[in-house]
Amino acid sequence: MKTSIILIIIYLSQPSFIFAQASQQPFVFTVFGGLFFPSYQQFDEIYESHSDLIWGGGVALPLEALTFVIGDIAFFRAEGFFDRDKDSTARLEEKFIHTGILNKQLIGRLWFLRLSGGLNYVTVKQETSSPQAATQTVEAEKKIGYFAGIGIERLLEDGRLSFFGDLVYDYRRSHTKELFGDFGGVRIVFGAHVYLF
């Protein structure tokens with residue numbers, strides 16, 4: 001009898017049991033925001049900044065207690081001067097769609113190390129305009145790249161909400177003449193997972 005009780009206590013104390021409830025949910029809703037540091041070589045020169053805001057949301061579908069299939073979409077926009085002498089302005093827009101896997105490793109009672117990776121689909125559009133000319137729009141070709149990320153997460157006691165911080169690298173190469181180069185970059189984001197019941 002004592003052996004059975006000890007075995008039950010050990011089983012109930014395992015992380016896989018603690019988060020079994022989360023793995024049975026239909027999905028987890030995610031929101032996040034932070035800074036994006038583009039790899040585009042001319043970004044600093046045109047937009048006079050190393051970064052700008054990025055924000056987005058998505059869902060996570062549990063495969064097992066600590067592994068999820070994830071999908072999210074993020075939006076990035078920056079504005080600057082293409083040519084100050086001619087008062088020409090530029091606006092860069094990028095949209096990131098991620099599909100991949102998120103794995104969490106328990107590092108404390110309610111703390112996790114987050115590892116993510118998968119494919120991205122990134123659209124890139126740049127608009128330039130000036131008082132002397134109509135707005136010109138250039139779009140990069142449609143391509144698939146990849147992403148990888150690492151972060152940390154803290155689950156609240158009730159198990160229905162967690163907060164996280166991620167460092168994510170996106171790679172996406174453009175061969176369009178007017179937008180040639182790497183349009184991936186590094187993002188530092190903070191967000192929340194809402195476990196919907």
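Because the structure is a prediction, the values reported are computed rather than measured. (Residues numbered from 1 in each chain as written. Predicted model: local features only at pLDDT ≥ 70, side-chain atom pairs only at ≥ 80, totals over all residues. Heavy atoms only, no water.)

## Description of the overall build of the protein
As a reminder, the rule being used: To qualify as a helix, a DSSP run of H or I must reach at least 4 residues; to qualify as a strand, a run of E must reach at least 2; elements of each kind are numbered from the N terminus. Throughout, a residue-residue contact means that at least one pair of heavy atoms, one from each residue, lies within 4.5 Å. Here the accessible surface of atoms and residues is derived via Shrake-Rupley with a 1.4 Å probe, and residues count as covered only by protein chains that are part of the display.
The helix and strand inventory of the protein stands at 4 helices and 11 strands. Long-range contacts, defined here as pairs at least 24 residues apart, represent 61% of the contacts in the protein between residues at least 6 apart. Accessible surface computed for the protein: about 11,100 Å², of which carbon and sulfur atoms make up 61%.

## Considering the confidence of the model for the protein
Convention followed: Per residue, pLDDT captures the predictor's confidence, and it can take any value from 0 to 100.
Scored by pLDDT, the protein comes out at a mean of 82, with 83% of its residues at no less than 70. The secondary-structure element of the protein with the lowest mean pLDDT is helix α1 (residues 2-12), recorded at 36, while strand β8 (residues 161-171) shows the highest, at 96. The model gives residues 1-23 a pLDDT under 50, and that stretch makes 18 contacts with residues more than four places away or in other chains.

## Considerations on the packing of aromatic side chains
Note the threshold: A pair of aromatic rings is counted whenever rings of Phe, Tyr or Trp (Trp by its six-membered ring) have centres within 6.5 Å, and the orientation is called stacked for planes under 30 degrees apart, edge-to-face for over 60 and tilted otherwise. Between buried and exposed lies partly exposed: a residue is buried under 20% and exposed over 50% of the maximum accessible area for its type, with that area taken using a 1.4 Å probe on protein chains only.
Under the counting rule described, the total for this entry stands at 6 aromatic pairs. Seen in terms of ring centroids, Phe43 and Phe76 are 6.0 Å apart; in terms of plane orientation they differ by 45°. Their pairing is tilted. With a gap of 33 residues between them, Phe43 in helix α4 (residues 43-47) and Phe76 in strand β3 (residues 67-83) connect regions that are remote in the sequence. Taking relative accessible area as the criterion, Phe76 reaches 3% and is therefore assigned buried. A ring pair is formed by Tyr146 and Tyr171, whose centres lie 5.4 Å apart and whose planes are at 25°; its orientation type is stacked. Of this pair, Tyr146 sits in strand β7 (residues 143-155) while Tyr171 is found in strand β8, placing the two residues 25 residues apart along the sequence.

## A few points about the environment of Ser174
Filter applied, for reference: Side-chain atoms alone can form a polar contact between residues adjacent in sequence; in general such a contact is a pair of N or O atoms within 3.5 Å, and within protein one must be able to donate a hydrogen while the other accepts it.
Mapped onto the fold, Ser174 is located in strand β9 (residues 173-174). Given a relative accessible area of 0%, Ser174 falls into the buried group. Sequence separation between Ser174 and Ala140 is 34 residues; the distance between their C-alpha atoms is 6.1 Å. A distance of 3.4 Å separates the side chain of Ser174 from the side chain of Glu141, its partner in a polar contact.

## Describing the pairing of strand β1 (residues 28-38)
Filter applied, for reference: DSSP bridges decide pairing: two strands pair if at least two such bridges lie between them.
With 9 bridges joining them, β1 and strand β2 (residues 52-64) adopt antiparallel strand pairing. Bridge pairing links Phe32 to Gly56 in β2.

## Considerations on the environment of Ile101
Note on placement: Ile101 falls in strand β4 (residues 88-106). For the pair Ile101 and Ser116, spaced 15 residues apart in sequence, the C-alpha separation works out to 5.6 Å. Contacts of Ile101, omitting those with residues within four sequence positions, involve Leu63, Thr67, Phe68, Val69, Ile70, Leu115, Ser116 and Gly117.

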